[in-house]
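# Summary of structural features
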Amino acid sequence: MSSAQSPHSVRPARLDPPRGRPSARSRLGLLAGSALLTTVNLALAAAPAPTDWPAFRGPRGDGISNCPSRLANPSPIELREAWKVKIGSGYAGIAVAGGQLATGFSDGKNDVLAMFDAKSGREQWRLTLGPTYEGHDGSHTGPIATPIIADGRVIMLGAFGELVAADASTGKELWRVDIVKEYQARPPRYGFGASPLLMDGTLIVAVGAEGALAIGLDPASGKLRWKCGSDTVQFQSPLAVEWEKQQRLLLPGDGRFVLADAATGKPIWERALPQRIFTPVVVWGDRALLSDREESKVVSLTQETKLDPPASAPASAPAMPATKTALLWQDRSLRNSYNVPIYLDGHLYAYTTRFLTCVSADDGSVKWRSRDPGDGFLVVCDNHLVVVTKEGSLHVAPVTPKEYVERASIKLFNDLVWTHPSFADGSIYVRSLGELARVDIADAGAAPVAAKHGDATAGGFAGLLARLEGAADKTALIDEFMATVKEFPLIEGRDTVHFLFRGEAKDVAVASDLFGARQEKAMTHVPGTDLFYCTAKLEPTARLNYCFIKDYQESQDPRNPRQTMSFVVGRDMEMSFGRGGGLPMNWFAMPEWKAPAFLRDLPEAQRGKIEPRELQAKGFATPIKMSVYLPTAYTADSAKRFPTAYIQNGRGAIDIAQWPKALDALIADGRIPPIVAVFLEMPQGPRDDPEAGEKALADIVVPFVDANFRTIAQRDARASIGMGLGGLNALASAFQAPATFGLIGVQSPMLFDGARQGLIAAAPEASAHRLRYYQEWGKYDLRNPHENWDMAAFNRDFAKKMQEKGHTVLGQEVIDGTDWESWKNRTDRVLIALFGEPKVQ
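First, a word on what this report is: a plain description of the structure on this page.

Thresholds, definitions, all that
Residues numbered from 1 in each chain as written. Predicted model: local features only at pLDDT ≥ 70, side-chain atom pairs only at ≥ 80, totals over all residues. Heavy atoms only, no water. Phe/Tyr/Trp six-rings, centres within 6.5 Å; stacked < 30°, edge-to-face > 60°. Helix = DSSP H or I, 4+ residues; strand = E, 2+ residues; numbered from the N terminus. Buried < 20%, exposed > 50% of the residue type's maximum accessible area, 1.4 Å probe, protein only. Lys NZ or Arg CZ within 6 Å of the ring centre and 35° of its normal. Salt bridge = Lys/Arg side-chain N within 4 Å of Asp/Glu carboxyl O. Contact = heavy atoms within 4.5 Å.

### Points about the packing of aromatic side chains
Counted under the stated rule, the structure contains 22 aromatic pairs. When the centroid spacing of 6.5 Å and the interplanar angle of 55 degrees are considered together, the rings of tryptophan 83 and tyrosine 429 count as tilted. In this pair, tryptophan 83 sits in strand β7 (residues 77–86) while tyrosine 429 sits in strand β37 (residues 427–431), placing the two residues 346 residues apart along the sequence. Of the two residues examined, tryptophan 83 and tyrosine 429, each falls in the buried class. A centroid spacing of 6.3 Å and a plane angle of 70 degrees characterise the contact between tyrosine 91 and tryptophan 418, whose relative ring orientation is edge-to-face. Placement of the pair is tyrosine 91 in the loop between β7 and β8 (95–97) and tryptophan 418 in the loop between β35 (408–411) and β36 (422–424), with a sequence separation of 327 residues. As far as the burial class goes, tyrosine 91 and tryptophan 418 line up, both buried. Ring pairs connect the aromatic residues Phe499, Phe501, Phe532, Tyr546, Phe548 and Phe588, which therefore count as one cluster. The ring centre of tryptophan 587 lies 5.5 Å from the NZ or CZ of arginine 562, which sits over that ring. The lysine or arginine in question, arginine 710, covers the ring of tyrosine 634, its NZ or CZ lying 4.2 Å from the ring centre.

See below:
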């Protein structure tokens, strides 16, 4: 049903004629769990000048500006940098009004609100918000919300909950409110970033507290006028909408929508949300797009569905609404992006993962999808998409549901960008995590001369590309060259790899440990052929996983028989850790990489045996399962006792990493003494004791194994071992029981900030419990170059902290990626480091 047919249509609020300075809307972009959420919404107290962009979402709060510019000129254009200045880290967007622009950043000690001259880029003043909000678990340092400029004031919400108002001309502080202390706002995991809304003379702030989903304040004094709703809030900001021909507030929380009167805060209706959402977007006037990491939904704001009362709820929880919004459609076409979609003429322009996408707002069907210009953030200006990528380039292209065709672009920044662009007076304003810039639109100069690929007489892949430029029969040349390649991908010299794909496709990319999680590299198409290629340089000893992504679907390289399965990343190269099965991939190795000699089959007489065991532990719903490896030296007629290794990720270690085969060979070669190995499958522990699984290893499993097998019951003969996420369990179990475990071995432990800091605090000092400690990780371990997390960097930090506690760290960084295909090649290093000295009794 269209908005014209709806008896209660909801539209973005219309704005009154201007009076005084225009206001602006705020914005947020941060990682929540293993994900970053973006929330931006603003209503203006008075309509801005048509040439201003006084808010993150532009003059009408919809991400669109119709201000005339040179973009309307059909002749060629180019983008030119007018000025660029250094600033500090932050996500805050840029509000531009009256020849001034405001944003927020960290100066290294404090988070600040700053004002700049739009013409020159000269800083006019800055005001301290509070201490710098340090980035963590993938987020970057600095403030999050965009400043609001309204009625001669600038108002900004700091990441710690400081709501500050300043004089727009002088920067003098007018008032300050700490919403945590004053209203018991619950700090979001990644800091406050929900943007205030100025409407009907009231400043509305999303609080997320019991009895205060949102509050209304006097913008002149910061004094409370009303409270409304009761729900938690992550980064969802208030929305101004038109309801029954009146401007109303739409307040999204974690579990519900509330429609309310802005002047009084009185609720009009309250409905349950079908999911926790990113930024909602009003479409078709009477519907809202709700998106999250997995999919998007469009729900009706005028239709509702009755809910059954909840069976039970905590006493402190607010009462659930009696209805929920009616679902109109849901699809995976838009998902997993921190960019806020743009709704225009029945279509949504947005990102789905890293691909710029246009879908029908009516049913979610994809109209086009483009890898270019790269992952980023977009607005619409003068009927053009204006996109800034995370890698620092700016692009413009006409808005059309037919296709993405770029008109102009410019490389601006060498650091990362996590903020939407702004558009005012015909210029584009953008910022990175360290710089602020204005870009002007100009008539284009002479077209650049196309580059040549190289010498057509040269050999190798570069020579092929050069010969193809003038060849009459390109296919024959490619066929001839490919027939000479003995192994794919093509390795040339010591440090060059060429990924080669042949086939009919519109878009092909290669994903790999080399590029990181949530990443891939577009492959270059050779015109007039079915050949796509991507070339990279890396160390001669490297070994990495990869796969192709053909027309946005993952596939293995059919020319490479070295196949594997990733259980760390899944579809779209998202972190999956085995959920939904693995991702089929291939692997390759550079010339100086050596295959492990210990993964070989031995005669039956030299192979140990595995005995399954189950142990029902109190508080666990299912048994603890273990597969106990006994070496050939473990015989019934012997009284010898053996050291023991307890391995997390038990099934993966056996089935994929082939630990039993490695144990057999290393023992037979005399590189380690015979040991007992316990491969664990730990069930989920009791909910009221999150550390139950970690405690169970020392308190339950070790006593059981010592009682049933001939093990050495001493800490220096017991090892706690794990890989990836299992590495965290291995560390936590050993640190909680330092008198039980004297040996620890971990490969690529997933040391995200929260886990790393907790484990550092729990690690024993060597003066009290000295450990034999082995830790290794890959240079190309799980990481995202666009986000603030890198397992290699986290592992380096953790190894340093263990050394500071007095322990000798055995192991090192290796030139490899992550996952079982990497870890299994170095099982010998783990075992030799921990058990290299005989401990048989």
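### Points about the pattern of salt bridges
Within this structure, the stated rule accounts for 44 salt bridges. In this structure, glutamate 123 engages arginine 126 in a salt bridge whose closest nitrogen and oxygen atoms are separated by 2.7 Å. Among the residues examined, arginine 126 registers a relative accessible area of 41% and is labelled partly exposed. Between aspartate 375 and lysine 390 there is a salt bridge, with the nearest N and O atoms lying 2.8 Å from each other. Here aspartate 375 is found in the loop between β31 (366–370) and β32 (376–381), whereas its partner lysine 390 is found in the loop between β33 (384–389) and β34 (393–398), with 15 residues between them in sequence. By relative accessible area, lysine 390 is classed as buried at 5%. Where salt bridges share partners, they join Arg354, Arg371, Asp507 and Glu520 into one cluster.

### Digging into the environment of alanine 102
Within the secondary structure layout, alanine 102 lies in strand β9 (residues 100–106). According to the relative accessible area criterion, alanine 102 is buried, its value standing at 0%. Dropping the residues within four chain positions of it, alanine 102 is found in contact with Gly93, Ile94, Ala95, Leu113, Ala114, Met115, Pro147, Ile149 and Val154.

From the geometry alone we can't say anything about function, so treat these as descriptive.
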